[in-house]
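Chain and residue survey
Listed below, chain by chain, are the residues.
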Amino acid sequence: MEFKKVVGNRRSIRYYQPWRDVEREKIQTILEAARLASRVMNAPYPKPVVVYRKELSEAEVNSFKTPTTTAQLDMAPVWIFWYANMDALKDAHENGTLHGLVDVGALNPSHGWSHSYIEDIVWAQLLHPLSSSKEIMTTLVSEETALAICQALLCAVDEGLGTQLVSCNFAVANEMLGVPSNYIPVWVQLLGYPAEDPQTGGQRPRETLEEMASEGKFGNPFVPDPKVTEKLREAGMIQDTAPAPWRQAELRALAHMLDLPE
Ligand SMILES: Cc1cc2nc3c(=O)[nH]c(=O)nc-3n(C[C@H](O)[C@H](O)[C@H](O)COP(=O)(O)O)c2cc1C
């Protein structure tokens, strides 16, 4: 699918076909999209675990639920638990990751980089102090993992799947998955074939572009050019905002089909 269309078509899907498995090939593709996301210092932050719902008992599925994550766990056949590696900077240093970027011509003398600059300045003065702060590392590894997750979400849409990020009872997950003590939970990504219309009756309501973005300084709105907006509509990136007139009827039909409360 064309990239702008992937962005435009993505929705948080909350109704999945529970009877239809996701091909392992698609899961692998999604994980690769995450692995290739940009990452500060090229360090290994994301540590996802793929779990198949059909291998869990009903009681186990229920034990993961939270006030905001309920019926979708009964339906989505694949759950990716996204964890973040608190030791990512230390691991990158031990593995010589930054030195590797010098070797491949990514970090170059033109920008001040060398092997000694990495050790004496970047590691000694910047990364080593950062890597010793739990508070800073928690923020850093979570946001870096979220960048990878964003690519995984878009890739799932490109693969024709429904997907959604959710919270879950991570105390249960940590125990069940045998999570190492240096990994912290971020989010769970659900995967499956959508039971609802994949476009869910339109894009979810958002603030406008000028409300979100400033130009030059804060408070000076970035005013969109209507010609560009029209081009993005034609490309499928900007679509009609929900709800479609048929959405409530669809929700009743889904509840009936999937034996959910109306
Ligand atoms: C990090 C993250 C966590 C989320 N957690 C939940 C959740 O626990 N339950 C839920 O129903 N939706 C969850 N969502 C989905 C958002 O509510 C959803 O993105 C929002 O309604 C906008 O809809 P859209 O994703 O279709 O554009 C989460 C989304 C993100 C990005």
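Residues numbered from 1 in each chain as written. Predicted model: local features only at pLDDT ≥ 70, side-chain atom pairs only at ≥ 80, totals over all residues. Heavy atoms only, no water.

1. Let's talk about the nonpolar core
Nonpolar side chains in soluble globular proteins tend to be buried together. To keep it simple, the criterion reads: To form a nonpolar core, buried Ala, Val, Leu, Ile, Met, Phe, Trp, Tyr and Cys residues must be joined to one another through side-chain atoms within 4.5 Å. For each residue, the accessible area found with a 1.4 Å probe, counting protein chains only, is set against the maximum for its type, and the residue is called buried under 20%, exposed over 50%, and partly exposed in between. Under the DSSP-based scheme used, a helix requires at least four consecutive residues in state H or I and a strand at least two consecutive residues in state E, with every element numbered from the N terminus. Contact criterion: two residues are considered in contact whenever any of their non-hydrogen atoms come within 4.5 Å of each other.
Core analysis: the biggest nonpolar cluster contains 40 residues, and Ile-30, Tyr-45, Leu-89, Leu-98 and Leu-191 have the highest contact counts within it. Contributions of two or more residues to this core are made by helix 2 (24–35), strand 2 (78–85), helix 5 (88–94), helix 6 (97–103), helix 7 (115–131), helix 8 (134–158) and strand 4 (183–192). When residues in this core are grouped by element, the largest group, nine residues, is from helix 8. Beyond its immediate stretch of four places on either side in the chain, Leu-191 contacts Tyr-16, Val-22, Ile-27, Ile-30, Ala-76, Pro-77, Val-78, Ile-80, Ala-156, Leu-161, Gly-162 and Thr-163. Listed in part, the 22 residues of the second largest apolar core include Phe-64, Tyr-83, Cys-168 and Phe-170.

2. Side note on the sheet that holds strand 2
What counts, and what does not: The rule for pairing is simple: two strands pair if DSSP sees at least two bridges between them. Interaxial angles span 0 to 180 degrees and are taken between N-to-C directions of axes, which are lines fitted to C-alpha atoms, for helices over the stretch in contact.
Ordered in space as 1-2-4-3, the four strands form an open sheet in which the pairing is antiparallel. Each edge of the open sheet is held by one strand with a lone partner, namely strand 1 (46–52) and strand 3 (162–166). Looking at each pair of strands side by side, their axes are set apart by 25° on average, direction ignored. Two elements, strand 2 and strand 4, share eight bridges in a ladder whose sense is antiparallel. Its bridge partner being in strand 4, Tyr-83 is matched across the sheet by Pro-185. On the sheet, helix 9 (residues 170–177) packs against strand 1, strand 2 and strand 4 and is oriented at approximately 90° with respect to strand 2.

3. Side note on unusual backbone geometry
Residue Ala-242 is joined to Pro-243 through a cis peptide bond whose omega torsion reads 5°. A positive phi angle, near 60°, is found at Asp-259, a position not held by glycine. Its place among the elements puts Asp-259 in the segment after helix 12 (247–258). Overall, the relative accessible area of 71% leaves Asp-259 in the exposed class.

4. Considerations on the side chain of Ser-131
Worth spelling out the cut-off: Pairs of N or O atoms are called polar contacts if they sit within 3.5 Å, as long as, within protein, a hydrogen donor faces a hydrogen acceptor (for residues adjacent in sequence, only side-chain-to-side-chain pairs).
Among the structural elements, Ser-131 can be located in helix 7. Here the side chain of Ser-131 touches His-128 through a polar contact of 2.8 Å, landing on its backbone oxygen. Those residues in contact with Ser-131, other than ones at most four positions away along the chain, are Leu-89, Lys-90, Trp-123 and Met-137.

5. Structural notes on the pairing of strand 3
Most of strand 3 is tucked away, with four of its five residues classed as buried. By the bridge criterion, five bridges tie strand 3 to strand 4 in an arrangement that is antiparallel. Paired with Thr-163 across the bridge in strand 4 is Leu-191.

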